[in-house]
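Chain by chain, the residues run as shown.
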Amino acid sequence: MAENMIVTMPIRLEYDYSPGAGRSRFLRGLERGKILGERCHVCHKVYVGGGSGACPRDGVPTEEVVELPDVGTITTFCVVNVPFAGATVEIPYVSASILLDGADIPLMHLIQEVNAEDVRMGMRVRAEWLPEAERIPSMDTIKYFKPAGEPDAPIDEVLKRMRADA
Amino acid sequence: MAADEVLRAPHVLEYAYTRSVGPVIGRFFAGLRDGKIEGIKGARGQVIVPPVEYDPQTAEELSEFVDVGDSGVVTTWAWVNEPRKNNPLQKPFAWALIKLDGADTPMLHVVDAGSESRMQTGMRVRARWRAERDGRIQDIECFEVP
């Protein structure tokens, strides 16, 4: 009597997305091979990674653009062991928070060219960019970060730098 | 292109879910395919449309299906002047709660009234069925003034 129906329910959301002025500046920078952060004139912290263009602590516009190096330190990371639909990287792989030199908040990115078990907090990494001709205003323009071949940074000091009251 | 120009891009988010609707809604959908609307009798004897698996007050399992009419009364409504792409009608219409004849709860559907001035709480409406039905809520194209 009862029918157990199977239905497909495609949920499709079509956005016309604008990242806004702050994130656009960051993405345009990537297109030119630069990582642009911005400094708050009140707390002097440098934000990077496509923030809102305002300091989350002081609520003021962060208008001073700061060019950052493409080298930084892994502050925390996660080893992905579970495959999922749409994945483009072979498992296991590492996704990490990277505090670029001169920045006060970390960026999230993929770590490659190293075995997952060798990744550690404090590891120094460098961006691997797409060839110049292929760069677009997207985070994908940095393909991943890879070991920079430098000694590890003192992790406690690195983590202290990220504290809101530092 | 200016370096400070604000970017803009299409962004599509899509989830293709496949799911079972369960025995009760499954039967409700099968009924729609056959051109009839079924509710279910609740613990206090009230008729709930669309049917639910468990009584909303007592949580007891429900199983007594009841045929209800395909006409009813609008209990509340909201007029849509500019239909969106995925809306059921591509002309101005009303989303409405409709208490079908024989039901004690109203069901959400669409009323094609032509204009907002013809909408009224308490108005009677009747289902406009699609000729080709396959067991989904859209088997009722909309409700209309009889």
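The structure this text deals with has already been given above.
Here we summarise the structure given alongside this text.

Cut-off values and rules
- Residues numbered from 1 in each chain as written.
- Chains lettered and ligands numbered in written order.
- Predicted model: local features only at pLDDT ≥ 70, side-chain atom pairs only at ≥ 80, totals over all residues.
- Helix = DSSP H or I, 4+ residues; strand = E, 2+ residues; numbered from the N terminus.
- Buried ≥ 20, exposed ≤ 12 C-beta atoms within 10 Å, placed from the backbone.
- Contact = placed C-beta atoms within 7 Å.
- Core = buried A, V, L, I, M, F, W, Y, C linked by C-beta atoms within 7 Å.
- Pairing = 2+ DSSP bridges.
- Axes fitted to C-alpha atoms, helices over the stretch in contact; angles between N-to-C directions.
- Nonpolar A, V, L, I, M, F, W, Y, C, P; charged D, E, K, R; others polar.

Comments concerning the overall build of chain A
Right, on to step 1. Within chain A, the secondary structure is distributed over two helices and nine strands.
Right, on to step 2. Along chain A, helices and strands appear, N-terminal first, in the series β-α-β-β-β-β-β-β-β-β-α.
Right, on to step 3. A burial count over chain A gives 22% of its 166 residues as buried.
Right, on to step 4. Considering only contacts in chain A between residues 6 or more positions apart, those separated by 24 or more positions represent 59%.

Structural notes on the nonpolar core
Right, on to step 1. Ranked by size, the top nonpolar core spans 28 residues in total, and within it B:Val49, B:Ile98, B:Leu100, B:Val111 and B:Phe143 carry the most contacts.
Right, on to step 2. Of all the elements in the fold, those that place two or more residues in this core are helix H1 (22-33), strand E2 (37-41), strand E3 (47-48), strand E5 (71-80), strand E6 (93-100), strand E7 (107-112), strand E8 (124-129) and strand E9 (140-144) of chain B.
Right, on to step 3. Setting aside residues up to four positions removed in sequence, B:Val111 forms contacts with B:Val74, B:Trp77, B:Phe93, B:Ala94, B:Ala96, B:Met119, B:Val125, B:Cys142 and B:Phe143.
Right, on to step 4. In terms of nonpolar packing, the next biggest core, distinct from the first, is built from 16 residues, A:Val48, A:Ile98, A:Ala103 and A:Ile111 among them.

Focus: the sheet that holds E6(B)
Sheet strands pair by backbone hydrogen bonding; their relative direction is either parallel or antiparallel.
Right, on to step 1. Around the barrel, five strands lie side by side as E5-E6-E7-E9-E8 (chain B); this closed barrel has mixed pairing. On average, each strand axis in the sheet is tilted by 50 degrees relative to the strand beside it, whichever way the strands run.

Things to note about the sheet that holds strand E3 (residues 46-47) of chain A
Residues and elements named next belong to chain A.
Right, on to step 1. Read across the open sheet, the three strands follow the order E3-E2-E4; overall the sheet is antiparallel. This sheet does not close on itself; its edge strands, each paired only once, are E3 and strand E4 (64-68).
Right, on to step 2. The sheet contact formed by strand E2 (residues 35-39) and E4 spans five bridges and is antiparallel. Its bridge partner lying in E4, Glu-38 is registered against Val-65.

Re the interface of chain B and chain A
Right, on to step 1. Chain B puts 26 residues into the contact, and the matching count from chain A is 25 residues.
Right, on to step 2. Contributing elements (two or more residues each) for the side of chain B that touches chain A: strand E1 (9-20) and H1 of chain B.
Right, on to step 3. The greatest single-element share of the side of chain B that touches chain A, amounting to twelve residues, is contributed by E1(B).
Right, on to step 4. Of the residues that constitute the side of chain B that touches chain A, the class distribution is 14 nonpolar, six polar and six charged.

These figures come from the coordinates and say nothing about function on their own.
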